[in-house]
Amino acid sequence: MCSAKAFAAMHGFILIAILFGSCATTSNTKVPQSSHSAFENYATYIWHNRLYLYVAAALTFALCFLLKILLKKKSFSEDVSRLVQEALKKDDHCDERAAVHVSGVKIFFGSQTGTAQSFAKELSADVRSLDLATEVIDMKEYDPDDRLADECGSKCVCVFLVATYTDGQPTENAEWFCKWLEEASTDFRYGKTYLKGLRYAVFGLGNSLYATHYNTVGKNVDKWLWMLSASRILTRAEGDCNVAKSVHGNIQADFQAWKLKFLKRLRVLCQGDDDKCCGKRKEGASCIKTDVQEVEEEMKPDLDNYCEEEPMESSSDEDDSSSSPSVLDVEDLGSLMSSVKQSQTPSSDGRVAKRSRKVANKSQEEKEERREMITPALREALSKQGYKLIGSHSGVKLCRWTKSMLRGRGGCYKHTFYGIQSHRCMETTPSLACANKCVFCWRHHTNPVGTEWRWKMDPAEKILQEALDKHQNMIRQFRGVPGVKSDRYEEGLTVQHCALSLVGEPIMYPEINRFVRLLHSQRISSFLVTNAQFPEEIRSLEPVTQLYVSVDASTKESLKKIDRPLFKDFWTRFLDSLKALAEKRQRTVYRLTLVKAWNVEEMTAYSELVALGQPDFIEVKGVTYCGESSASSLTMANVPWHQEVVTFVQQLVDMLTGYEIACEHEHSNCLLIAHNKFKVDGKWHTWIDYDRFQDLAKAHQESGGLEAFSSSDYVARTPDWALFGASQQGFDPAETRFQRRNKGKDVSGC
């Protein structure tokens, strides 16, 4: 087009030059001829041939004009080409940026004991193996009001690993995050689409023994995020600390199964394929699954399905016009109603079919092989704490007072109160599981919990023999150790006493009576401690040397706060256990642990509990602080001084009838209140005649229980140094008090 314009201009200039030249020639013919000079002749010649000059000038101008146009065209073409290349490069960069579907993974954890935090670190390491950036975030250090909305456009996937704490509440580090999320989900100022674009997954940690509050926090976080239009990329999963109910055997296995699903889903998202159907649906069909379809798939018995629940809505994007509504087809209503009617149709004997299915399920569960109580992770944790584990649910550990008395540095409070030889005492348990999670638990809740026996069971003979072997092996390690007395070492190899108080609830063990009989058959005394949650087991328990019941609080509210029991009817069980204790004829003991600012003001209530259970003895001990624990808020401020314990005991005795303060062990911060029946002729007889007890227990066993005996039948006199008010304050003068260097504090036995 530009060339045509150039040629047209050139032709125009030539035409004008010819016409102008013709006119000039015509006018010149009228000038007369005359003689001229050479210059005039030359000028005249040029004038006569001026037409050629005009034509030449016009051609030159036209050529210059044409050349200029051609050069501009070339430059324009180059500019266009350059701009096109730049645009293409920009498109390529845009495509590259658009290809990044997941920029990273942020892992939020709400943890009390550290389990969720360890899971977060483990998941982070696995995600990094996919070449994705990760960030592990403590919910306590994250402000959702300022930062959570920013995650909607960051292309990050947010993972929430949240544990459920006491009474279904969030853990301490997740309290503010959950509170904000709950309020935002119902606050109109945020709006229902506040977190639209946020992709998330939730894994909850809980214990199904707390049925009412099981995994409440995980369910709520999932619900609140969904209510704010966040997109769930994976169905919520729930890990169960209850190994008996955990689908995969323990919470670690539950997490591993969920993690495999999450990593698989993450790979799909990284490839840009966000299609849940993975391209396997028919053309024109919707990919969004209905609730019924999801439920049907989750009911399939494969590894991926465990403890997974989600709200009625299957996706937070269902309000989008392009998605199909999550509803049940009319055609499916018939089969659904038929199944409902069938489940409610009475059988021939009048029972409902649903009950039959329940019985069938129970029978199926009984057929299934029971799991071991000690999981690999629990075994590792307890082993690090010095436990020698036995079989699948038992353990033994060397008490520090055993080590102390081997050196002649003093014995424990049982030596002062009851005359046991601490270096000959074995501390063990046939059941590591417990029905409480006491705030002062000196095991920091590493042991399992349970309300009934649902694990594999080892025979009592195996437990006792391995406990004795392991205990003796631990004693043998002191051979030749400086300070260990040779006679004490030899005596320590033969166990004379067994304290069934190591950890957990020994009375839960189904063969506890057989275990006690085996102890007595080897003339080993039995000191059994229970947490007052199993009254029937207390009633059916055969005679033991001394039976303890932990009375950690005197009111329902404080007991729930301190012991954190698993049973819903914990207070009824507690009171019934005290009544069962009153029915026992052997020595019985209330064990009171004082926690300052928690349970030391309940004097009247304590006196009422004493009247209910009528124990022979009451041990009152200040709580022992075992260091900081994420599972407890206990601090040194909650540990009472010994004089404070003495004052409490004196006030309590003034409110009791028939009881006096008998003994004191100042180093253990413990006092013993005894019934007056153990004060014979003005002398206290709180010690035990162990040989006499073994004879009585043997006669009782051989007679089939016909030859009964009571606590008064095997008493021994208490030495003066063990009595309350003595200058020794419960320290055996035959021992040597030891104090560490640079410390004025008595640390006997440490």
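Residues numbered from 1 in each chain as written. Predicted model: local features only at pLDDT ≥ 70, side-chain atom pairs only at ≥ 80, totals over all residues. Heavy atoms only, no water.

### Section: the overall build of the chain
- Scanning the chain for helices and strands turns up 23 helices and 20 strands.
- Counting across all 750 residues of the chain, residues that qualify as buried make up 46%.
- A fraction of 75% describes how many contacts in the chain between residues 6 or more apart in sequence connect residues 24 or more apart.
- Here the chain has roughly 38500 Å² of accessible surface; of this, 53% comes from carbon and sulfur atoms. (Helix = DSSP H or I, 4+ residues; strand = E, 2+ residues; numbered from the N terminus. Buried < 20%, exposed > 50% of the residue type's maximum accessible area, 1.4 Å probe, protein only. Contact = heavy atoms within 4.5 Å. Areas by Shrake-Rupley, 256 points an atom, 1.4 Å probe, with all protein chains shown as cover.)

### Some points on the sheet that holds strand E15 (residues 659-665)
- Spatially, E7-E8-E9-E10-E11-E12-E13-E14-E16-E15 is the arrangement adopted by the 10 strands of the open sheet, whose pairing is mixed. One side of each edge strand has no neighbouring strand; the edge strands of this open sheet are strand E7 (388-390) and E15. On average, adjacent strands in this sheet sit at an angle of 25 degrees to one another, irrespective of strand direction.
- Sheet strands touched by helix H15 (residues 460-476): E7, strand E8 (394-397) and strand E9 (425-429). Its angle to E7, the strand with the most contacts, is close to 165 degrees.
- Strand contacts of helix H17 (residues 512-521): strand E10 (497-500) and strand E11 (525-530), with the helix running at about 150 degrees to E11, the strand carrying the most contacts. (Pairing = 2+ DSSP bridges. Axes fitted to C-alpha atoms, helices over the stretch in contact; angles between N-to-C directions.)

### Points about the packing of helix H20 (residues 570-582) against helix H21 (residues 603-613)
- Where H20 meets H21, the axes come as close as 7 Å, and the angle between the chain directions of the two elements is 45 degrees. The orientation of H20 with respect to H21, classified from their angle, is oblique. Residue-level inspection shows Phe574, Leu575, Leu578, Lys579, Leu581 and Ala582 of H20 in contact with H21, the latter providing Leu609, Leu612 and Gly613. (Parallel < 35°, antiparallel > 145°, perpendicular 65-115°, else oblique.)

### Section: the state of the cysteines
- In total, this model carries zero disulfides according to the counting rule given.
- Here cysteine 399 stays free of any disulfide, with the sulfur of cysteine 412 as its closest cysteine sulfur at 6.2 Å.
- Under the relative-accessibility criterion, cysteine 399 is labelled partly exposed at 24%. (Disulfide = S-S within 2.5 Å.)

### Considering the packing of helix H4 (residues 115-128) against helix H8 (residues 251-270)
- Relative orientation of the contacting elements H4 and H8 amounts to 30 degrees, with a least axis distance of 11 Å. It follows from the interaxial angle that H4 and H8 lie roughly parallel. Considering how the two elements wind past one another, H4 and H8 form a crossing that is right-handed. Facing Phe119, Glu122, Leu123, Asp126 and Val127 of H4, the residues of H8 in contact are Ile251, Gln252, Phe255, Gln256, Trp258, Lys259, Phe262, Leu263 and Leu266.
- The residue inventory of the contact of H4 with H8, partitioned by class, reads nine nonpolar, two polar and three charged. (Left-handed = near helix turned anticlockwise from the far one by under 90°. Nonpolar A, V, L, I, M, F, W, Y, C, P; charged D, E, K, R; others polar.)

### A closer look at the packing of aromatic side chains
- Taken as a whole and assessed by the stated rule, the structure comprises 29 aromatic pairs.
- Taken together, a centroid distance of 4.9 Å and an interplanar angle of 80 degrees make the contact between tyrosine 190 and tyrosine 194 edge-to-face.
- Judged by relative accessible area, which is 23%, tyrosine 194 ranks as partly exposed.
- Three or more aromatic residues joined by ring pairs form one cluster here, namely Tyr413, Phe417, Tyr418, Phe527, Phe617, Phe678 and Tyr690.
- Stacked on the ring of phenylalanine 567, the Lys or Arg arginine 573 has its end atom at 3.8 Å from the ring centre.
- Directly above the ring of phenylalanine 731 sits arginine 737, whose terminal nitrogen or CZ lies 4.3 Å from the centroid. (Phe/Tyr/Trp six-rings, centres within 6.5 Å; stacked < 30°, edge-to-face > 60°. Lys NZ or Arg CZ within 6 Å of the ring centre and 35° of its normal.)

### Quick notes on the environment of leucine 468
- Within the element layout of this structure, leucine 468 appears in helix H15.
- Residues leucine 468 and valine 495, spaced 27 residues apart in sequence, show a C-alpha to C-alpha distance of 7.6 Å.
- Apart from the residues lying within four places of it in its own chain, the contact partners of leucine 468 are Met426, Val495, Gln522 and Ile524.

### Quick notes on the pairing of strand E12 (residues 546-550)
- The buried fraction of E12 is high, at five of five residues.
- With burial as the criterion, each face of E12 is covered, one bearing Gln546, Tyr548 and Ser550 and the other bearing Leu547 and Val549.
- Examined bridge by bridge, E11 and E12 share four bridges and lie parallel to one another. Looking across to E12, one finds that valine 529 is bridged to tyrosine 548.
- Handedness of the crossover joining E11 and E12 through helix H18 (residues 535-540): right-handed.
- In the sheet, E12 pairs with strand E13 (residues 587-594) via five bridges, with the strands oriented parallel. Paired with valine 549 across the two strands is tyrosine 590, which belongs to E13. (Right-handed = clockwise from strand over helix to strand, strands pointing away.)

### Remarks on the pattern of salt bridges
- Scanning the model with the defined rule gives 22 salt bridges in all.
- The residue lysine 259 makes a salt bridge to glutamate 122 at a minimum N-O spacing of 2.8 Å. Placement of lysine 259 in helix H8 and of glutamate 122 in helix H4 is noted, with a sequence separation of 137 residues between them.
- The network of salt bridges with common partners includes Asp222, Arg232, Arg236 and Glu238. (Salt bridge = Lys/Arg side-chain N within 4 Å of Asp/Glu carboxyl O.)

### Topic: the confidence of the model for the chain
- Looking at the chain, pLDDT values average 79 and 73% of them are 70 or higher.
- In this model residues 13-35 is a low-confidence stretch, pLDDT under 50, and it forms 13 contacts with partners more than four residues away in sequence or in other chains.
- Across residues 93-98 the pLDDT falls below 50, and counting only partners more than four positions away or on other chains, this stretch makes one contact in the model. (pLDDT = per-residue confidence, 0-100.)

### Let's talk about the side chain of asparagine 531
- Here asparagine 531 is to be found in the loop between E11 and H18.
- Asparagine 531 has contacts with Cys434, Asn436, Gly504, Glu505 and Ser550, leaving out every residue within four places of it along the chain.

### Describing the nonpolar core
- Grouped together as the largest cluster of nonpolar side chains are 82 residues, with contacts concentrated most on Val551, Tyr590, Leu592, Ile618, Val620, Phe648 and Val649.
- For this core, the element with the most residues is H15, which contributes seven residues.
- Excluding anything up to four places from it in sequence, valine 620 contacts Leu592, Leu594, Val645, Phe648, Val649, Asn669, Cys670, Leu671 and Ile673. (Core = buried A, V, L, I, M, F, W, Y, C linked by side-chain atoms within 4.5 Å.)

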